Amino acid sequence: MIKNPRTRRASAVIMVVLGAALMLLAPEAWPGALLLILGVALELFGIALEHKAK
């Protein structure tokens with residue numbers, strides 16, 4: 001796990017933004033569902049990292 005709080009916070013923000021971008025840009029086809037799931041997973045992991053930073 002990342003011990004430096006600034007690095008952890010920066011990586012959490014990047015994951016949340018990347019997850020949101022994947023969710024917004026996912027097409028409505030089958031690969032889009034996979035991108036949506038990946039986006040949600042990145043969002044959750046980023047939020048968990050940010051929560052542990054506090």
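Just above, that's the structure.
Residues numbered from 1 in each chain as written. Predicted model: local features only at pLDDT ≥ 70, side-chain atom pairs only at ≥ 80, totals over all residues. Heavy atoms only, no water.

(A) The overall build of the chain, seen in detail. Counting its secondary structure elements, the chain contains two helices and zero strands. Per-residue burial for the chain yields a buried fraction of 24% across its 54 residues. Of all intrachain contacts in the chain linking residues separated by at least 6 positions in sequence, the fraction that spans at least 24 positions is 53%. Counting every atom, the chain has about 4100 Å² of accessible surface; 75% of that belongs to carbon and sulfur. (Helix = DSSP H or I, 4+ residues; strand = E, 2+ residues; numbered from the N terminus. Buried < 20%, exposed > 50% of the residue type's maximum accessible area, 1.4 Å probe, protein only. Contact = heavy atoms within 4.5 Å. Areas by Shrake-Rupley, 256 points an atom, 1.4 Å probe, with all protein chains shown as cover.)

(B) A look at helix H1 (residues 5-25). Taking 1.5 Å of rise per residue, the 21 residues of H1 would be expected to cover 30 Å, and the 30 Å separating its terminal C-alpha atoms lies within 8% of that figure. Of the residues making up H1, those classed as buried are Arg8, Ser11, Ala12, Gly19 and Leu22. End-on, the buried residues of H1 take up no more than an arc of 105°, which puts them together on one face. Residues Arg6, Ile14, Val17, Leu24 and Leu25 are exposed on H1 and point more than 90 degrees away from its buried face. (Expected span 1.5 Å × (residues − 1). Arc of directions from axis to C-beta.)

(C) Molecular detail of the environment of Ala41. Turning to its location among the elements, Ala41 is positioned in helix H2 (residues 30-53). Sequence spacing of Ala41 and Val16 is 25 residues, and the spatial spacing of their C-alpha atoms is 9.5 Å.

(D) Layout of the side chain of Glu43. With respect to the helices, strands and loops of the structure, Glu43 is situated in helix H2. Ignoring any residue separated from it by four or fewer positions in sequence, one finds Glu43 in contact with Met15, Val16, Gly19, Ala20 and Met23.

(E) Structural detail: the environment of Ala29. By the secondary structure assignment, Ala29 is in the loop between H1 and H2. Judged by relative accessible area, Ala29 falls into the partly exposed class, the value being 45%. Along the chain, Ala29 and Ala48 lie 19 residues apart, while their C-alpha atoms are 29 Å from each other.

(F) Representation of the environment of Gly39. Considering the arrangement of structural elements, one finds Gly39 in helix H2. Accessibility expressed as a relative area gives 0% for Gly39, which makes it buried. Apart from residues lying up to four places away in sequence, Gly39 is in contact with Gly19, Leu22 and Met23.

By themselves, these observations are geometric and do not establish any function.
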